[in-house]
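Next come the chains, spelled out residue by residue.
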Amino acid sequence: MEKEDVILIGETGLQRKSDVIVIGAGAAGMMAAIRAGKRGRSVVVLDHARAPGEKIRISGGGRCNFTNIHAGPKNFLSANPHFCKSALARFTPADFIAMVDQHGIAWHEKTLGQLFCDDSAKDIIRMLLAEIRMAGAVLHLGTEISGVEKTEAGFRVSTSEGHYEASSLIVAAGGKSIPKMGATGFAYRLAEQFGLPVLETRPGLVPLTLDPGLLESIAPLAGIAAPAEIRHSRTGFREALLFTHRGLSGPAILQISSYWREGDEIVVAIEPDIDIAAHLKTARQLNGRQSPQTALGDILPKRLAQFLVEREKISGNMADLPDKALLRLAASAQNWAVKPSGSEGYRTAEVTLGGIDTAALDSRSMEAKAVSGLYFIGECVDVTGWLGGYNFQWAWASGFAAGECA
Ligand code: FDA
């Protein structure tokens, strides 16, 4: 991305006193800076990265799934499911779409209300930088933060580029996912420094792994994708399932991974809209001489059909197979209980579950109840969305809420 005039990297003569300091030039931090700046507050955004919005840039396969038109409190996991309601109601997907439209960015709905840029995620970063310029805020990038203290007038942030002071401090430093991209867990440590409780964190929206024995047995399936319903207890998602060399992935698995815990079982139903048992019975009636692999291969990927028939040790032609065998074959595809051995962890997780306990924050402003002028927003807060644009919507909404009050 070209360097913008609102971005300063390691330059001298910087503005060091402002009304608001934002730590983190990601989705949430930039939105907070825009809102606070537009209210007339002087805003400095600090980030150790050398480019803003790096996760936006790589999101949605480079096209950024920037919101979901159906986003509502039900799409988020949190110890307090009511906490996100206020912020989500005051900055909605329609509000973000209006901003995108104002900047002439073309977008489309891919599926299930998920909105993507037609061209590139960089359009969203350019839009946010243009808004930051209009709001009069400034980004100081390449800035390592060494300490944060509360002062009488507000906060003092010590950095590799000197001290910064402001009456309000908004922490938007993200979670722990993708450490290679600069995720540090900084926000949690800062929350603890100020006495805010932090709930256990774990990787979310992440592929699940299988133990070596099971992995070896399903090795021939690596690369196969199929529509599926994946269930964990009473929660289920219908999206694509992908078999990989490490285990299970695809949107349906990423979704359920946020609900899954070590030791739990998930139940996989492949092609949940098809009654596979009925299909097999009809196939037996119409062409008893065909093999079960062929009959099943009409509705499932051929390699998967072959695998299931072998796994169920079914042999002979369709005409030879009793109902019991056909039902067993159908159940093998549509009622497969599997116990993942783990997840791929923060290395590939799209988000971090858990985090700063919402009980310590005001849901309207995101301000810490016990520390006046200190705000936490975005992924570091214990609010985590489903896959599909919900996490950015939380970043925009919580950023807007803090920017409105800081
Ligand atoms: P984010 O992580 O975006 O920003 C935090 C900022 O703080 C970073 O700029 C970082 O450099 C900075 N920082 C961290 N520690 C610091 C420190 N110690 N000092 C200074 N600065 C520090 N969501 C969605 O809705 N749609 C999508 O398409 C995708 N796609 C997607 C793909 C991939 C590969 C990933 C990993 C994630 C997604 N997501 C997503 C999730 C989405 O990216 C995520 O929810 C938001 O980026 C969270 O925004 P935040 O601003 O809270 O944190």
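In this report, we go over the structure that sits alongside the text. Being a predicted model, the structure only gives us computed values, none of them experimental. (Residues numbered from 1 in each chain as written. Predicted model: local features only at pLDDT ≥ 70, side-chain atom pairs only at ≥ 80, totals over all residues. Heavy atoms only, no water.)

This paragraph deals with the sheet that holds strand β7 (residues 114-117). Strand order in the open sheet made by the 3 strands is β4-β7-β6, with antiparallel pairing throughout. The two strands at the open ends of the sheet, each matched to only one other strand, are β4 (65-68) and β6 (107-109). Across the sheet, the axes of successive neighbouring strands diverge by a mean angle of 25°, strand direction being ignored. In terms of strand pairing, β6 meets β7 through 3 bridges, oriented antiparallel. (Pairing = 2+ DSSP bridges. Helix = DSSP H or I, 4+ residues; strand = E, 2+ residues; numbered from the N terminus. Axes fitted to C-alpha atoms, helices over the stretch in contact; angles between N-to-C directions.)

Attention shifts here to the layout of surface pockets. Estimates place the volume of the second largest pocket at around 200 Å³. Residue assignment for the lining of the second largest pocket shows that the elements contributing at least two residues are β12 (198-204) and β20 (351-356). In terms of residues, the lining of the second largest pocket owes the most to one element, β12, which gives 3 residues. Of the residues in the lining of the second largest pocket, the class split is 5 nonpolar, 4 polar and 4 charged. (1 Å grid on protein atoms, 1.4 Å probe; cavity = no way out; pocket = protein on both sides within 12 Å on 5 of 7 lines; lining within 4 Å. Points joined across faces, edges and corners; volume = space filled by probe spheres on them. Nonpolar A, V, L, I, M, F, W, Y, C, P; charged D, E, K, R; others polar.)

In this structure the tally under the stated criterion is 15 salt bridges. Ionic pairing is found between Glu165 and Arg156, a salt bridge with its closest N-O pair at 3.3 Å. For Arg238, the salt bridge goes to Glu229, with nearest N and O atoms at 2.9 Å. Each of the salt bridges in this network shares a partner with another, and the network as a whole consists of Glu229, Arg231, Arg238 and Asp273. (Salt bridge = Lys/Arg side-chain N within 4 Å of Asp/Glu carboxyl O.)

Here strand β17 (residues 266-270) lies mainly inside the structure; 4 of its 5 residues are buried. Note: strand β14 (residues 225-232) against β17, 4 bridges, orientation antiparallel. Note on β17: the bridge partner recorded for Glu229 is Ala269. Here β17 pairs with strand β18 (residues 336-338) via 3 bridges, running antiparallel. The residue of β18 that forms the bridge with Ile266 is Val338. (Buried < 20%, exposed > 50% of the residue type's maximum accessible area, 1.4 Å probe, protein only.)

If you check the shell around the ligand, you find 29 residues, and the closest are Ala28, Asp47, Asn65, Glu379 and Phe392. The separation between a nitrogen atom of the ligand and a polar main-chain atom of Asn65 is 2.9 Å. Note that an oxygen atom of the ligand is positioned 2.8 Å from one of the backbone N or O atoms of Phe392. Summarising the interface, the protein chains cover 92% of the accessible area of the ligand, which totals 1,000 Å² for the free molecule. (Near = heavy atom within 4 Å. Polar contact = N/O pair within 3.5 Å; in protein donor to acceptor, adjacent residues only side chain to side chain. Areas by Shrake-Rupley, 256 points an atom, 1.4 Å probe, with all protein chains shown as cover.)

With that settled, the discussion passes to the sheet that holds strand β13 (residues 208-209). The antiparallel open sheet is built from 7 strands, whose spatial order is β18-β17-β14-β15-β16-β13-β19. Two strands in the sheet have a free side with no partner beyond their single neighbour: β18 and β19 (342-343).

To continue, consider unusual backbone geometry. Positive phi, normally seen in glycine, also occurs at Ser233, with a value near 55°. Looking at the element boundaries, Ser233 is found in the loop between β14 and β15 (235-243). Not every positive phi belongs to a glycine, and Met366 is a case in point at roughly 70°. Note on placement: Met366 falls in the loop between β20 and β21 (374-376). On the basis of relative accessibility, which here comes to 0%, the residue Met366 falls in the buried class.

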